[in-house]
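Take a look at the letters that make up each chain.
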Amino acid sequence: MTDQRLRFDGWIAGVGTSSGTRLVVGHWPRSPFGAFSDVMVERTDGERVLLAPSRQVADFVAATYRFDRTEVASVAVSVVGDTWLVEAGPLRLRLRTGRRSAFGLLLSAVPASFARSPLWAALCDVPARLLMPGVRTLGRAGPGRREWYGARGLWPVVDAEAVLDGVSLGTLARLDPPVAFGFGSAPRSPSLVRVTTTVELGPGTR
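Residues numbered from 1 in each chain as written. Predicted model: local features only at pLDDT ≥ 70, side-chain atom pairs only at ≥ 80, totals over all residues. Heavy atoms only, no water.

Draft legend 1. How the structure looks around the overall build of the protein chain. Looking only at helices and strands, the protein chain features four helices and 13 strands. Relative to the globule expectation of 17 Å for 206 residues, the C-alpha radius of gyration of the protein chain, 16 Å, shows essentially globular dimensions. Taken along its principal axes, the extent of the C-alpha atoms in the protein chain is 50 × 40 × 30 Å. In the protein chain, which comprises 206 residues, the proportion classed as buried is 46%. Expressed as a percentage of contacts within the protein chain between residues at least 6 apart in sequence, the contacts between residues at least 24 apart total 60%. (Helix = DSSP H or I, 4+ residues; strand = E, 2+ residues; numbered from the N terminus. Rg over C-alpha atoms; globule rule 2.2 N^0.38 Å. Buried < 20%, exposed > 50% of the residue type's maximum accessible area, 1.4 Å probe, protein only. Contact = heavy atoms within 4.5 Å.)

Right under this line is the structure:
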């Protein structure tokens, strides 16, 4: 048996809030499960919650990352210009992106074939950790799984409003401390990343 590679093409947005709750949104127009979005929430007490749109997606993501609780709920993402609106079960999040930096423009020039390559991810891992502490581009993800990220664009998040369970999470803040869902964190500076994510399943883990 050979390893199987599953690719997810889309965006990851990571924001902190002044309440201490941190949020990571995955928006995947192209994936082995079709188009879907999901949200990872890390509360101030460290509880990690996954909000996923189906049991199939929830089971796969929970086997790849670490959560204390998962919830299957409707997850909808709409984008108008520089504004993203996320509605996921008990969460309502609106965020606004700013202009790309020189680094963000450089990432936009990365060819799609490079973004899918584990060698490219390995080459990018060290500079990513130096430039954005906590960020990793290659690592182990769940038993028998390996994962790598190929970033193809980066935008700062300059404004965000979030309500969870009817309570405001406060103003936009850094992701500090870093989130702890997997082998690496989203950037500490609130960001939206255009990314191709590959999850490699070893024999017996499919």
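Draft legend 2. Up close: the nonpolar core. Among the nonpolar cores identified, the biggest contains 26 residues, and Val-24, Met-40 and Val-61 are the most heavily contacted of them. For this core, the elements supplying multiple residues, two or more each, are strand S1 (4-17), strand S2 (22-30), strand S3 (36-42), strand S4 (48-52), helix H1 (55-64), strand S10 (145-164) and strand S13 (191-201). Grouped together as the second largest cluster of nonpolar side chains are 22 residues, Val-25, Val-49, Val-157 and Leu-192 included. (Core = buried A, V, L, I, M, F, W, Y, C linked by side-chain atoms within 4.5 Å.)

Draft legend 3. Structural detail: the pattern of salt bridges. The full count for this structure, using the stated rule, is 16 salt bridges. Glu-200 is the salt-bridge partner of Arg-5, the closest N and O atoms lying 2.9 Å from each other. Linking Arg-5 in strand S1 with Glu-200 in strand S13, this pair joins segments that are 195 residues apart in sequence. On the basis of relative accessible area, Arg-5 is assigned to the partly exposed category, the value being 40%. A residue is classified by how much of its surface remains accessible, and Glu-200, at 9% relative accessible area, is buried. Linked by salt bridges that have partners in common, Arg-43, Glu-47, Arg-69, Glu-71 and Asp-165 make up one network. (Salt bridge = Lys/Arg side-chain N within 4 Å of Asp/Glu carboxyl O.)

Draft legend 4. Local environment of the packing of aromatic side chains. Across all of its chains, the model carries 10 aromatic pairs by this definition. Summarising the aromatic geometry, the rings of Phe-33 and Phe-36 are spaced 6.4 Å apart at their centres and angled 70° between planes, so their arrangement reads as edge-to-face. Residue classification places Phe-33 among the partly exposed positions, given a relative accessible area of 25%. Here the aromatic rings of Phe-114 and Trp-120 are separated by 5.1 Å at their centres, their planes lie at 45°, and the arrangement is tilted. (Phe/Tyr/Trp six-rings, centres within 6.5 Å; stacked < 30°, edge-to-face > 60°.)

Draft legend 5. Geometry of the pairing of S2. Burial analysis of S2 places seven of its nine residues in the buried class, the great majority of the element. As judged from the seven bridges shared by S1 and S2, these two strands associate in the antiparallel manner. By the bridge assignment, Ile-12 is partnered in S2 with Gly-26. Here S1 hands over to S2 after four residues, with Gly-20 in that stretch at a positive phi of 105°. (Pairing = 2+ DSSP bridges.)

Draft legend 6. Molecular detail of the environment of Met-40. Inspection of the secondary structure assignment puts Met-40 in strand S3. C-alpha of Met-40 to C-alpha of Gly-26: the two residues are 14 residues apart in sequence and 8.2 Å apart in space. Those residues in contact with Met-40, other than ones at most four positions away along the chain, are Arg-22, Leu-23, Val-24, Val-49, Leu-50, Val-61, Tyr-65, Phe-67 and Phe-181.

Draft legend 7. Spatial organisation of a nonpolar patch on the surface. Judged by side-chain polarity, Phe-103, Leu-106 and Leu-131 come together as a nonpolar surface patch covering roughly 310 Å² of accessible area. Inspection of the secondary structure assignment puts Leu-106 in helix H2 (residues 102-108). (Patch = residues over 30% accessible without salt bridge, like charges linked within 9 Å, V, L, I, M, F, W, Y side chains within 5 Å. Areas by Shrake-Rupley, 256 points an atom, 1.4 Å probe, with all protein chains shown as cover.)

Draft legend 8. Highlighting the environment of Ser-191. Turning to its location among the elements, Ser-191 is positioned in strand S13. By relative accessible area, which is 8% here, Ser-191 ends up buried. Considered as a pair, Ser-191 and Arg-96 are 95 residues apart in the sequence and their alpha carbons are 9.9 Å apart. Once you skip the residues sitting within four places of it in the chain, Ser-191 turns out to touch Ile-12, Ala-13, Gly-14, Leu-154, Trp-155, Pro-156 and Val-157. Within the structure, the side chain of Ser-191 is placed 2.6 Å from the backbone oxygen of Ser-189, a separation counted as a polar contact. (Polar contact = N/O pair within 3.5 Å; in protein donor to acceptor, adjacent residues only side chain to side chain.)

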